[in-house]
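Here is how the chains run, residue by residue.
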Amino acid sequence: MRIRSIAIAVTAALALAPLAAPVAARAFRKGDLTISAPWTRQTAAGQSVGGGFMIIANSGVQADQLVDGTSPAAERVEIHSMSLEGGVMRMRHLNGGLAIPPRGSVALAPGGYHIMLIGLKRPLALGARVPVTLHFRRAGRVEISLAVESVAFQASEAQHGGH
Ligand SMILES: [Cu+2]
């Protein structure tokens, strides 16, 4: 009987495995905010900057604002936008921060909004986690960590697990 019950438990675990993958996408919550699947890309030696991507959802009735951040992995963290202007991709430092609308969400993804880690102290290694503290006007400081993914990694994959 004992062996049989173990066999059943193993079978149940295997059956659940495919369903577990999306749940593995990490989320960080504070107040009305949920920051899900934060990630970054591995960097080469000598590369001084890295982008950070995630989805920030606000379940509250008041807008919040991502102002800036800090990380022990970089000299500073800025909030950037990226857009195509006259055929050239341009990055811009959002001095006024990034608005997170009430009962809404904002995606930070390659080619669009992102956090920028400036002055990396060492290369971001595949599989590592990069701690970042995000500063929000209402929610205050939120501690997250970016999963370091491969150079080819896409934002859509982050929503389905990643590291
Ligand atoms: Cu940037």
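Placed above this text is the structure.
The structure reproduced in this document is the subject of the present report.

What counts, and where the lines are drawn
- Residues numbered from 1 in each chain as written.
- Predicted model: local features only at pLDDT ≥ 70, side-chain atom pairs only at ≥ 80, totals over all residues.
- Helix = DSSP H or I, 4+ residues; strand = E, 2+ residues; numbered from the N terminus.
- Buried ≥ 20, exposed ≤ 12 C-beta atoms within 10 Å, placed from the backbone.
- Contact = placed C-beta atoms within 7 Å.
- Pairing = 2+ DSSP bridges.
- Core = buried A, V, L, I, M, F, W, Y, C linked by C-beta atoms within 7 Å.

## Description of the overall build of the protein
Thinking step 1. Of the regular secondary structure elements, the protein holds two helices and eleven strands.
Thinking step 2. Sequence-ordered secondary structure for the protein, helices as α and strands as β, is α-β-β-β-β-β-β-β-β-β-β-β-α.
Thinking step 3. Buried positions account for 28% of the 163 residues belonging to the protein.
Thinking step 4. Across the protein, the fraction of contacts at a sequence separation of at least 24, relative to all contacts at a separation of at least 6, is 68%.

## Section: the pairing of strand S9 (residues 114–120)
Thinking step 1. Examined bridge by bridge, strand S3 (residues 49–58) and S9 share four bridges and lie antiparallel to one another. Each residue of the ladder has a partner; that of Gly52, found in S9, is Ile115.
Thinking step 2. The sheet contact formed by strand S5 (residues 74–85) and S9 spans six bridges and is antiparallel. For Glu78, the partnering residue across the bridge sits in S9 and is Met116.

## Focus on the nonpolar core
Thinking step 1. Ranked by size, the top nonpolar core spans 32 residues in total, and within it Leu33, Trp39, Ile56, Leu66, Val132 and Val142 carry the most contacts.
Thinking step 2. For this core, the elements supplying multiple residues, two or more each, are strand S2 (33–41), S3, S5, strand S7 (98–100), S9, strand S10 (129–136) and strand S11 (140–149).
Thinking step 3. Those residues within four positions of Leu33 in sequence are excluded, and the remaining contacts are Ile56, Ala57, Asn58, Asp64, Phe136, Ala139 and Val142.

Honestly, it's all geometry; don't read function into it.
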